Amino acid sequence: MSAHTLSTAGRTAPASFKALRGFLALDAVVSGGNGLAYLAFPGPLGELLGVGRSTLLELGAVLAVFGLAVGLLAARPQPPGLAVRAVIDINLLWTVLSVVAMELWFAPTTAGYVWIPFQAAAVALFAVLQFTALRRLPG
């Protein structure tokens, strides 16, 4: 193997993680931001969306911790595939549970019927983007 090949391989591997890290970072910011909003304003947001205050507090705590964990993963030069797959799976589970909860457990307002599917679709998009970026990695 030539010095050029080794040099190129060294530059390409970290660069190929750039998109994945970007999608993870965006997920971390959005999830963490939602979590902090739910923690800071559970009463007003609960009334707006038709979701109970205690439920929003619990969801806020989960999202804040998830956002932090995904942010730490995004900060790694080469996030481990197993951890990224866990994030993708959690995002897909969140997407399904959001719609199920809206129909079975929550009593959403009109704003809730708009917000809940919107955020579920955004989370599903994160999962698709993360999965696509993960599949494009070498090896």
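Residues numbered from 1 in each chain as written. Predicted model: local features only at pLDDT ≥ 70, side-chain atom pairs only at ≥ 80, totals over all residues. Heavy atoms only, no water.

Some points on the packing of helix α2 (residues 18–40) against helix α4 (residues 53–74)
Running from N to C, α2 and α4 point in directions that differ by 155°, and their axes come no closer than 7 Å. When the axis of α2 is compared with that of α4, the two are roughly antiparallel. Two packed elements cross with a definite hand, and for α2 against α4 that hand is left-handed. Here the contact of α2 with α4 is built from residues that sort into 15 nonpolar, 7 polar and 2 charged. (Axes fitted to C-alpha atoms, helices over the stretch in contact; angles between N-to-C directions. Helix = DSSP H or I, 4+ residues; strand = E, 2+ residues; numbered from the N terminus. Parallel < 35°, antiparallel > 145°, perpendicular 65-115°, else oblique. Left-handed = near helix turned anticlockwise from the far one by under 90°. Nonpolar A, V, L, I, M, F, W, Y, C, P; charged D, E, K, R; others polar.)

Things to note about the nonpolar core
Ranked by internal contacts, the top residues of the largest apolar core, which has 15 residues, are Leu20, Leu24, Val70, Val84, Val87 and Leu134. Those elements that place two or more of their residues in this core are α2, α4, α5 (81–104) and α6 (110–135). With 4 residues, the top contributor of residues to this core is α4. Setting aside residues no more than four positions away along its own chain, Val87 makes contact with Leu24, Asp27, Phe66, Val70, Leu73 and Gln130. If you look at the next biggest cluster of nonpolar residues, it comprises 9 residues, including Tyr38, Val51, Leu56 and Val123. (Core = buried A, V, L, I, M, F, W, Y, C linked by side-chain atoms within 4.5 Å. Buried < 20%, exposed > 50% of the residue type's maximum accessible area, 1.4 Å probe, protein only. Contact = heavy atoms within 4.5 Å.)

Treat this as a map of the structure, not an account of what it does.
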